[in-house]
Amino acid sequence: MFLAIKEIKREKLRYGLIVLMIFLISYLIFILSSLSIGLASENTQALESWDAQAVVLNKNANVSMNQSVLTKSDLKNATIGKDEALVGQTAVVVKNKKRPQISAQFIGLKQTQFIYHAQEIIAGRKAKTKQEVVADQTFKIKGYQLGDKLELNGSKKKYTIVGFAKNAKINIAPIVYGSLSSWKTLRQGMPDMQASAIISRNSDYKYHHADSKTYPIKTFINKLPGYTAQNMTFELMIGFLFVISLIIIAVFMYILTMQKMHNFAVMRAQGIPSGTLVMATVSQAVILVVVGVVIGLVAMLLTAKALPAAVPMSFTPAIMLSGAGGMLLTGIIGSLIPIRSILKVDPAKAIGE
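Residues numbered from 1 in each chain as written. Predicted model: local features only at pLDDT ≥ 70, side-chain atom pairs only at ≥ 80, totals over all residues. Heavy atoms only, no water.

K.L.:
What is the right way to look at the overall build of the protein chain in this model?
P.N.:
A tally of regular secondary structure across the protein chain gives 13 helices and 13 strands. Relative to its length of 353 residues, the protein chain is extended, with a C-alpha radius of gyration of 29 Å against a globular reference of 20 Å. In terms of principal-axis extent, the alpha carbons of the protein chain reach across some 100 × 45 × 30 Å. For the protein chain, the residues scored as buried account for 47% of the 353 residues in total. Only carbon and sulfur atoms are counted for the fraction: they give 61% of the accessible area of the protein chain, which is about 17,600 Å². The centroid of the 39 positive side-chain charges in the protein chain is displaced by 5 Å from the centroid of its 19 negative side-chain charges. (Helix = DSSP H or I, 4+ residues; strand = E, 2+ residues; numbered from the N terminus. Rg over C-alpha atoms; globule rule 2.2 N^0.38 Å. Buried < 20%, exposed > 50% of the residue type's maximum accessible area, 1.4 Å probe, protein only. Areas by Shrake-Rupley, 256 points an atom, 1.4 Å probe, with all protein chains shown as cover. Lys, Arg positive; Asp, Glu negative; His and termini not counted. Charge placed at Lys NZ, Arg CZ, Asp CG, Glu CD.)

K.L.:
I keep staring at the packing of helix α8 (residues 227-259) against helix α10 (residues 274-306) and nothing clicks. Help me out?
P.N.:
In a packed pair of helices, the relevant descriptors are the angle between the two axes and the axis-to-axis distance. One way to put it is that α8 packs onto α10 with a least axis distance of 11 Å and a crossing angle of 135°. With respect to their mutual orientation, α8 and α10 come out oblique. Classified by chirality, the crossing of α10 by α8 is right-handed. On α10, the residues touching I249, M253 and T257 of α8 are T281, Q284, A285 and V289. (Axes fitted to C-alpha atoms, helices over the stretch in contact; angles between N-to-C directions. Parallel < 35°, antiparallel > 145°, perpendicular 65-115°, else oblique. Left-handed = near helix turned anticlockwise from the far one by under 90°. Contact = heavy atoms within 4.5 Å.)

K.L.:
Before we go on, may I ask you to explain the packing of aromatic side chains in this structure?
P.N.:
How two aromatic rings sit relative to each other is given by the distance of their centres and the angle of their planes. Applying the stated rule across the entire model yields two aromatic pairs. Plain terms: the ring middles of F139 and Y144 are 5.3 Å apart, the flat faces sit at 80° to each other, and that makes the pair edge-to-face. You can call F139 buried: its relative accessible area is 0%. For Y144, a relative accessible area of 2% translates into the label buried. Of note, K126 hangs over the ring of Y116, and the distance from its end group to the ring centre comes to 5.5 Å. Here the basic side chain of R201 rests over the ring of F114, its NZ or CZ set 4.2 Å away from the ring centre. (Phe/Tyr/Trp six-rings, centres within 6.5 Å; stacked < 30°, edge-to-face > 60°. Lys NZ or Arg CZ within 6 Å of the ring centre and 35° of its normal.)

K.L.:
Quick question: what am I supposed to make of the packing of helix α2 (residues 12-50) against helix α11 (residues 317-336) here?
P.N.:
Across the interface, α2 lies against α11 with an axial gap of 10 Å and an inter-helix angle of 145°. The handedness of the crossing between α2 and α11 comes out as right-handed. Between α2 and α11, the contacting residues are I22, I25, S26, I29, F30, S33, S34 and I37 on the first element and I319, M320, G323, A324 and M327 on the second. Its residues placed into classes, the contact of α2 with α11 shows nine nonpolar, four polar and no charged. (Nonpolar A, V, L, I, M, F, W, Y, C, P; charged D, E, K, R; others polar.)

K.L.:
How do you make sense of the nonpolar core when you look at a structure like this?
P.N.:
Generally speaking, soluble globular proteins have nonpolar side chains that are buried together. Residues W50, M65, Y177, I199 and F220 are the most contacted members of the largest nonpolar core, which totals 32 residues. The biggest single contributor to this core is α2, with four residues. Listed in part, the 30 residues of the second largest apolar core include L70, F106, V133 and I198. (Core = buried A, V, L, I, M, F, W, Y, C linked by side-chain atoms within 4.5 Å.)

Structural measurements only, silent on function.
Have a look at this one:
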């Protein structure tokens, strides 16, 4: 470690450039990881707040709650206990003359069931009548206020915002919570339709009918439009960044090692064991990675504070630990590549004897 620090102090510019490269890569990894988790969270915020474990849908709906319709006959033998709730979902366009137009998902609920009680209200109250709705906090950020009158899909009926809810998004779209009867009006489907789905907090809940099927929540989430493709894209990008960092560190350390072969030979001739030289090389890589990652973390924290709330970023301790750990691991692996050259150095030949 002493040799590593001594050399870094002597060659500040050279090692500073390596730290800069590590900083840029780690910063990009933190940004992409935060965006990945943030976007994934916006797909599933509502499901997580409901603690959903199973979903019953029309079996012909392609595991989509938006496309599913359950009728009276579909539900005639269904058990709706304290851990189950009927939910109606449909896409809506929210309009108000004084506010920006927003595409959202209308979720119809029953006031006696658990999802209605699970709403986390950050302003106002829960909806009590058919003409009242609770909107996701996205509406508040975009200028909507309590008491605003909404038009949904150009309907003549007006709906009043009486509350704003936290973590009310599904498939990245903000949710407008209302009643099941309002959902039936907006959905304009079959006259005997009752809901889009049964949501259960019980992972063992099963209900199969001729036209309905129960899915585990993981299956339902993976079928959300774009969810799996989005996550795989981010994972590939982050994986490639780790590979790039490994290559960069390995190349730099190899070049630096080749340039120091004469010095290593002299130290070997003086009786310094090869293990000490190897540890100095690995220690250099660890120090450079730690410094670069710490600067990247600080830059990420400043970026997270500067970005507007509308940007879906989630910078959590898990991201910090996994990103830093991954960078440290790639740094150590990269530093091991030139070790063979250090072990094979011939003091006599290097000194010219």
